[in-house]
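Coordinate inspection notes
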Amino acid sequence: MYSVLFAKLAPLGTIYCFEPTDTFDLLKTNMETIGLNNVKLENLALSNHKGTKKDRIYKIWGTDGENQEFPFTTIDDYVAENKLFISMIKIDVDSYDYEVLLGAKNTLDSQSPGVLVEVNSGALALRGFKESDIINFMKALKYELVAIFDNENYLFA
């Protein structure tokens, strides 16, 4: 849903979508059916580390998720390897949200994109983190919390 929205709102930009689960096939079919040509799909998980790792990834919150080997990358590595300028980052990765931010530190510091990140206390707790970890990390990078949508989507600028 957000991929379609952002692709239509930014027709001259490129939207990069990362989906490690089998939902990737559905995402790909949706993009092809809608005919959006400014969306690049990556069958990768995002975190603060690169490489293959066995872990549990949730495609629908409240389910058992998929526990298997996944290929991971970081936003920093992806941005550097593809020589990208990023103006906005939207993160909703059901428990990996803080780790994705950690893996984007250089990009956040050097490019200052806007950030919309899901901050779900239950999901963060599964990986040993809390809401304050995200807020303090963003503040340390000179970001300000400007809005909260739906009680758990935090917008930083």
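Residues numbered from 1 in each chain as written. Predicted model: local features only at pLDDT ≥ 70, side-chain atom pairs only at ≥ 80, totals over all residues. Heavy atoms only, no water.

**Structural notes on the nonpolar core**
Ranked by internal contacts, the top residues of the largest apolar core, which has 30 residues, are Leu-101, Leu-108, Val-115, Val-117, Ile-134, Met-138 and Phe-156. Secondary-structure elements contributing two or more residues to this core are strand S3 (45-46), strand S5 (66-73), helix H3 (75-82), strand S6 (88-91), helix H4 (97-102), strand S7 (114-118), helix H7 (131-140) and strand S9 (153-156). If you tally residues by element for this core, the top one is H7, at four residues. Ignoring anything within four residues of it in the chain, the contact list for Ile-134 reads Asp-97, Tyr-98, Leu-101, Val-117, Glu-118, Val-119, Leu-124 and Phe-156. (Core = buried A, V, L, I, M, F, W, Y, C linked by side-chain atoms within 4.5 Å. Buried < 20%, exposed > 50% of the residue type's maximum accessible area, 1.4 Å probe, protein only. Helix = DSSP H or I, 4+ residues; strand = E, 2+ residues; numbered from the N terminus. Contact = heavy atoms within 4.5 Å.)

**Side note on H7**
For H7, the set of buried residues is Asp-133, Ile-134, Ile-135, Phe-137 and Met-138. Here the buried face of H7 lies against H4, helix H5 (105-111), S7, helix H6 (121-126) and S9. Backbone geometry just after H7 places Lys-142 at a positive phi near 70°.

**Brief notes about the side chain of Ser-3**
Relative to the elements of secondary structure, Ser-3 occurs in helix H1 (residues 2-9). Not counting residues up to four positions away in its chain, the partners in contact with Ser-3 are Ile-15, Cys-17, Leu-27 and Met-31.

**Observations concerning the sheet that holds strand S4 (residues 51-57)**
Overall, mixed pairing links the three strands, which are arranged S3-S5-S4 in an open sheet. Edge strands, defined here as strands with exactly one partner in the open sheet, are S3 and S4. By the bridge criterion, two bridges tie S3 to S5 in an arrangement that is parallel. Within S5, the position partnered with Ala-45 by the bridge is Phe-72. (Pairing = 2+ DSSP bridges.)

**Digging into the sheet that holds S6**
With respect to topology, four strands assemble into an open sheet ordered S6-S7-S9-S8, the strand pairing being mixed. The outermost strands of the open sheet, each flanked by one partner alone, are S6 and strand S8 (145-149). Across the sheet, the mean angle from the axis of one strand to that of its neighbour is 15°, orientation sign disregarded. The pairing of S6 with S7 spans four bridges and is classified as parallel. (Axes fitted to C-alpha atoms, helices over the stretch in contact; angles between N-to-C directions.)

**Topic: the pattern of salt bridges**
By the definition in use, this model includes five salt bridges. In this structure, Glu-42 and Lys-40 form a salt bridge, with 3.3 Å as the shortest nitrogen-oxygen distance. For Lys-40, a relative accessible area of 35% corresponds to the partly exposed category. Between Glu-81 and Lys-50 there is a salt bridge; the shortest N-O distance is 2.3 Å. Placement of Glu-81 in helix H3 and of Lys-50 in the loop between S3 and S4 is noted, with a sequence separation of 31 residues between them. Several salt bridges converge on common partners, so that one network encompasses Lys-53, Asp-55, Glu-99 and Arg-127. (Salt bridge = Lys/Arg side-chain N within 4 Å of Asp/Glu carboxyl O.)

**Here's the deal with the layout of surface pockets**
Estimated volume of the largest pocket: approximately 1,400 Å³. Forming the boundary of the largest pocket are 42 residues, of which Ser-3, Tyr-16, Cys-17, Phe-18 and Lys-90 lie nearest the centre. Looking at the lining of the largest pocket element by element, the count peaks at six residues for helix H2 (residues 23-34). Its residues placed into classes, the lining of the largest pocket shows 31 nonpolar, six polar and five charged. (1 Å grid on protein atoms, 1.4 Å probe; cavity = no way out; pocket = protein on both sides within 12 Å on 5 of 7 lines; lining within 4 Å. Points joined across faces, edges and corners; volume = space filled by probe spheres on them. Nonpolar A, V, L, I, M, F, W, Y, C, P; charged D, E, K, R; others polar.)

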